[in-house]
Amino acid sequence: TMIDSEVVCWGRIVEKVLTDVLLKPIKEELLPTEDSVNLTKRQKDFEQTLIKDFKNNDRFPNIGWWARTLEFVRHQERYEADYVKTLRRHLQRGEFSLFWEKGEADVLVLIKALWNARNNAAHAGKVDEFKAQKARQLISLNRNPGILFQALGLYSLTKQGPQKA
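Residues numbered from 1 in each chain as written. Predicted model: local features only at pLDDT ≥ 70, side-chain atom pairs only at ≥ 80, totals over all residues. Heavy atoms only, no water.

So, about the packing of aromatic side chains. A complete count under the given rule lists 4 aromatic pairs for this structure. Centroid distance Phe 46 to Trp 65: 6.4 Å. Interplanar angle 20 degrees. Geometry classified as stacked. Here the residue Phe 46 occupies a position in helix 2 (residues 41-55), and Trp 65 occupies one in helix 3 (residues 63-74), the gap between them amounting to 19 residues. Considering the side-chain rings of Trp 65 and Tyr 83, the 5.9 Å spacing of their centres and the 25 degrees angle between planes classify their relative orientation as stacked. A residue pair is termed long-range when its members are at least 10 positions apart, and Trp 65 in helix 3 and Tyr 83 in helix 4 (residues 82-91) qualify at 18 residues. In this pair, the class of Trp 65 matches that of Tyr 83, namely buried. An aromatic cluster of at least three residues, connected via ring pairs, comprises Phe 46, Trp 65, Trp 66, Phe 72 and Tyr 83. The ring centre of Phe 54 lies 5.2 Å from the NZ or CZ of Lys 27, which sits over that ring. (Phe/Tyr/Trp six-rings, centres within 6.5 Å; stacked < 30°, edge-to-face > 60°. Helix = DSSP H or I, 4+ residues; strand = E, 2+ residues; numbered from the N terminus. Buried < 20%, exposed > 50% of the residue type's maximum accessible area, 1.4 Å probe, protein only. Lys NZ or Arg CZ within 6 Å of the ring centre and 35° of its normal.)

Turning next to helix 2. For helix 2, which comprises 15 residues, the first-to-last C-alpha distance of 20 Å matches the rise-based estimate of 21 Å (1.5 Å per residue) to within 8%. Restricting attention to buried positions, one finds in helix 2 the residues Gln 43, Phe 46, Glu 47, Leu 50, Ile 51, Asp 53, Phe 54 and Lys 55. (Expected span 1.5 Å × (residues − 1).)

With that settled, the discussion passes to the environment of Lys 55. Inspection of the secondary structure assignment puts Lys 55 in helix 2. The class of Lys 55 is buried, set by a relative accessible area of 19%. With 68 residues separating them in the primary sequence, Lys 55 and His 123 have C-alpha atoms 28 Å apart. Among all residues touching Lys 55, those that are not within four sequence positions of it are Lys 27, Glu 28, Leu 30, Leu 31 and Leu 50. (Contact = heavy atoms within 4.5 Å.)

Looking now at the nonpolar core. Membership of the largest hydrophobic core comes to 46 residues, with the highest contact counts inside it found for Val 7, Leu 18, Leu 22, Tyr 83 and Leu 138. Elements supplying a minimum of two residues to this core: helix 1 (2-23), helix 2, helix 3, helix 4, helix 5 (107-124), helix 6 (129-139) and helix 7 (147-151). The leading source of residues in this core is helix 1, at 9 residues. Not counting chain neighbours up to four residues away, the residues in contact with Val 7 comprise Leu 114, Ala 117, Arg 118, Ala 121, Val 127 and Ala 132. (Core = buried A, V, L, I, M, F, W, Y, C linked by side-chain atoms within 4.5 Å.)

Moving on to the packing of helix 3 against helix 5. For any two helices packed against each other, one specifies the crossing angle of their axes together with the interaxial distance. Closest axis-to-axis distance for the helix 3/helix 5 pair is 9 Å, and the angle between their directions is 155 degrees. In terms of orientation, helix 3 and helix 5 fall into the roughly antiparallel class. With respect to the hand of their crossing, helix 3 and helix 5 are arranged in left-handed fashion. Contacts between helix 3 and helix 5 involve Ile 63, Gly 64, Ala 67, Arg 68, Leu 70, Glu 71 and Arg 74 from the former and Leu 108, Ile 111, Lys 112, Leu 114, Trp 115 and Arg 118 from the latter. Residues belonging to the contact of helix 3 with helix 5 are distributed by class as follows: 7 nonpolar, 1 polar and 5 charged. (Axes fitted to C-alpha atoms, helices over the stretch in contact; angles between N-to-C directions. Parallel < 35°, antiparallel > 145°, perpendicular 65-115°, else oblique. Left-handed = near helix turned anticlockwise from the far one by under 90°. Nonpolar A, V, L, I, M, F, W, Y, C, P; charged D, E, K, R; others polar.)

Written out as structure tokens, the structure is:
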């Protein structure tokens, strides 16, 4: 259906935007964790995916990788992969302040909704309409650039409409 195709497309857009804004500027800082003995298997796997796919081959991570990695970034743990620490430092800069917002505009919640909706569209052929509508807010909100673009400091909303940051 049309909504299935849209959701898959939104996933690719979000993957590309997150990669361009969050990973490309810190690409050279993304190195394997030297002392990885205390990392969880999931963090080790995600770090290997990042190094193999993105750093070495310029393939951007998928929406599921982003959802889980941003969860790692938001919830600091005792032992973390170096890429998580690097990404957190990058996101703590001023232009990304909206990324940390909770509630209706919670970017991480919306990315997870998109991940779920995209998986259902791509693998089951049936999109959860509620999650799809929620995820749409990442891309477009009231005919303006969506929450993702605002949270990443690419656009801000003013009385005159959206303004490129």
